[in-house]
Amino acid sequence: MFPITESHPFGWLGMLSEVLGGAVLDREAVHGQGLVYTVIDDATRAGLRPEELDSVIDILRTAQEATVAAVLKQTDEHGWQVSLRSRGDVDVAAAAGALGGGGHVRAAGFTHHGDPLLAIDALRAVLAGLALAQQPGAHCIQSALHPLRRFCGCCPGWEGDGRCAERRNAPARVASG
């Protein structure tokens, strides 16, 4: 038997064609550094093994116009595994961590339950916060990620200026990275 990297079932070619053909490039995401993403739902995966789906992120991340790539793979009726890859200085582990996942600086992921496009919206918000946190004079990373907390409603102390009520009187500090 050949390793998965040397051969794929014929259905993999059709899945790859459909998934890459449906990829979306958001040039404005990550403050102009770009995000490219695609979705692999149950109908598209058509019985392919998870290992065969994993190759999609490696192809998607080669898009020159995007620093961050994401692939959303359906795991059950409302569940999605989101794989992230980064080129450049974007820390996808921090983004995944803000969304309940984890990983490494250049390769990470998280799980999402619900509409896959809401996962992309949340990811965009987190990536925007990370980009802001890297700018001179930025507040701490938790403050920079508050747009996500406002988005998902889990931070009752949100005051609308980039810092929550608990941190409002705390001195601003540059995020370490």
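Up top is the structure these notes are about.
Residues numbered from 1 in each chain as written. Predicted model: local features only at pLDDT ≥ 70, side-chain atom pairs only at ≥ 80, totals over all residues. Heavy atoms only, no water.

J.: What exactly am I supposed to notice about the pattern of salt bridges here?
T.: Once their charged atoms are close, side chains differing in charge can pair, the charge on each being opposite to the other. Under the counting rule described, the total for this entry stands at six salt bridges. Between Asp54 and Lys73 there is a salt bridge; the shortest N-O distance is 3.0 Å. Of this pair, Asp54 sits in helix H4 (residues 50-60) while Lys73 sits in strand S3 (residues 68-74), and the two are 19 residues apart along the sequence. Relative accessible area serves as the criterion here: at 38%, Asp54 is assigned to the partly exposed category. In this structure Lys73 comes out as buried when scored by relative accessible area, which is 5%. Salt bridges linked by common partners bring Asp26, Asp121 and Arg124 together as one network. (Salt bridge = Lys/Arg side-chain N within 4 Å of Asp/Glu carboxyl O. Helix = DSSP H or I, 4+ residues; strand = E, 2+ residues; numbered from the N terminus. Buried < 20%, exposed > 50% of the residue type's maximum accessible area, 1.4 Å probe, protein only.)

J.: Would you mind going over the packing of helix H1 (residues 10-21) against H4 with me for this structure?
T.: Each packed pair of helices is defined by two parameters, the angle between the axes and the distance between the axes. Taken N-terminus to C-terminus, the directions of H1 and H4 make an angle of 40°; their axes are 11 Å apart at the nearest point. Classified by the angle their axes make, H1 and H4 are oblique. Of the two elements, H1 crosses H4, and the hand of that crossing is right-handed. Of the residues in H4, those in contact with Trp12, Met15, Leu16, Val19 and Leu20 of H1 are Glu52, Leu53, Ser55, Val56, Ile59 and Leu60. Among the residues forming the contact of H1 with H4, the class breakdown is nine nonpolar, one polar and one charged. (Axes fitted to C-alpha atoms, helices over the stretch in contact; angles between N-to-C directions. Parallel < 35°, antiparallel > 145°, perpendicular 65-115°, else oblique. Left-handed = near helix turned anticlockwise from the far one by under 90°. Contact = heavy atoms within 4.5 Å. Nonpolar A, V, L, I, M, F, W, Y, C, P; charged D, E, K, R; others polar.)

J.: Is there a simple way to think about H1 in this case?
T.: An α-helix turns once every 3.6 residues. As a result, residues three or four positions apart point the same way. The end-to-end C-alpha separation of H1 is 17 Å, in line with the 16 Å expected for twelve residues at 1.5 Å each. If you check which residues of H1 are buried, you get Trp12, Met15, Leu16 and Val19. Down the axis of H1, the buried set is contained in an arc of 100°. They therefore lie on one face. Turned more than 90 degrees off the buried face of H1, the exposed positions are Phe10, Ser17, Glu18 and Gly21. For H1, the secondary structure elements touched by its buried residues are strand S2 (35-40), helix H3 (42-45) and H4. (Expected span 1.5 Å × (residues − 1). Arc of directions from axis to C-beta.)

J.: It is not clear to me how the pairing of S2 should be interpreted in this structure. Could you clarify?
T.: Consecutive residues of a regular strand have side chains that alternate between opposite faces of the sheet. Of all six residues that make up S2, five are buried, and the element is covered over most of its length. Alignment of strand S1 (residues 24-26) against S2, held across three bridges, turns out to be antiparallel. Directly across from Val24, in S2, lies its bridge partner Tyr37. Bridge count between S2 and S3: six bridges; the pairing is parallel. Its bridge partner being in S3, Ile40 is matched across the sheet by Lys73. (Pairing = 2+ DSSP bridges.)

J.: Can you walk me through the sheet that holds S2 in this structure?
T.: The strands making up a sheet associate through hydrogen bonds between their backbones, and the pairing can be parallel or antiparallel. Reading across from one edge, S1-S2-S3-S4-S6-S5 is the order of the six strands in this open sheet, with mixed pairing throughout. Of all the strands in the sheet, the pair left with one neighbour each is S1 and strand S5 (102-103). Across two bridges, the pairing between S5 and strand S6 (residues 107-113) is antiparallel. Looking across to S6, one finds that Gly102 is bridged to Gly109. Against the sheet, H4 engages S2, S3 and strand S4 (79-86), with an angle of about 160° to S3.

J.: Looking at this structure, I do not really get the side chain of Glu52. What am I missing?
T.: Here Glu52 shows up in helix H4. Judged by its relative accessible area of 4%, Glu52 falls in the buried class. One polar contact links the side chain of Glu52 to the main-chain amide nitrogen of Arg49, over a distance of 2.8 Å. (Polar contact = N/O pair within 3.5 Å; in protein donor to acceptor, adjacent residues only side chain to side chain.)

J.: Got a minute to help me understand the environment of Leu16 in this structure?
T.: With respect to the secondary-structure elements, Leu16 resides in helix H1. Using a relative accessible area of 13% as the deciding quantity, one classes Leu16 as buried. Along the primary structure Leu16 and Arg45 are separated by 29 residues, whereas in three dimensions their C-alpha atoms are 9.2 Å apart.

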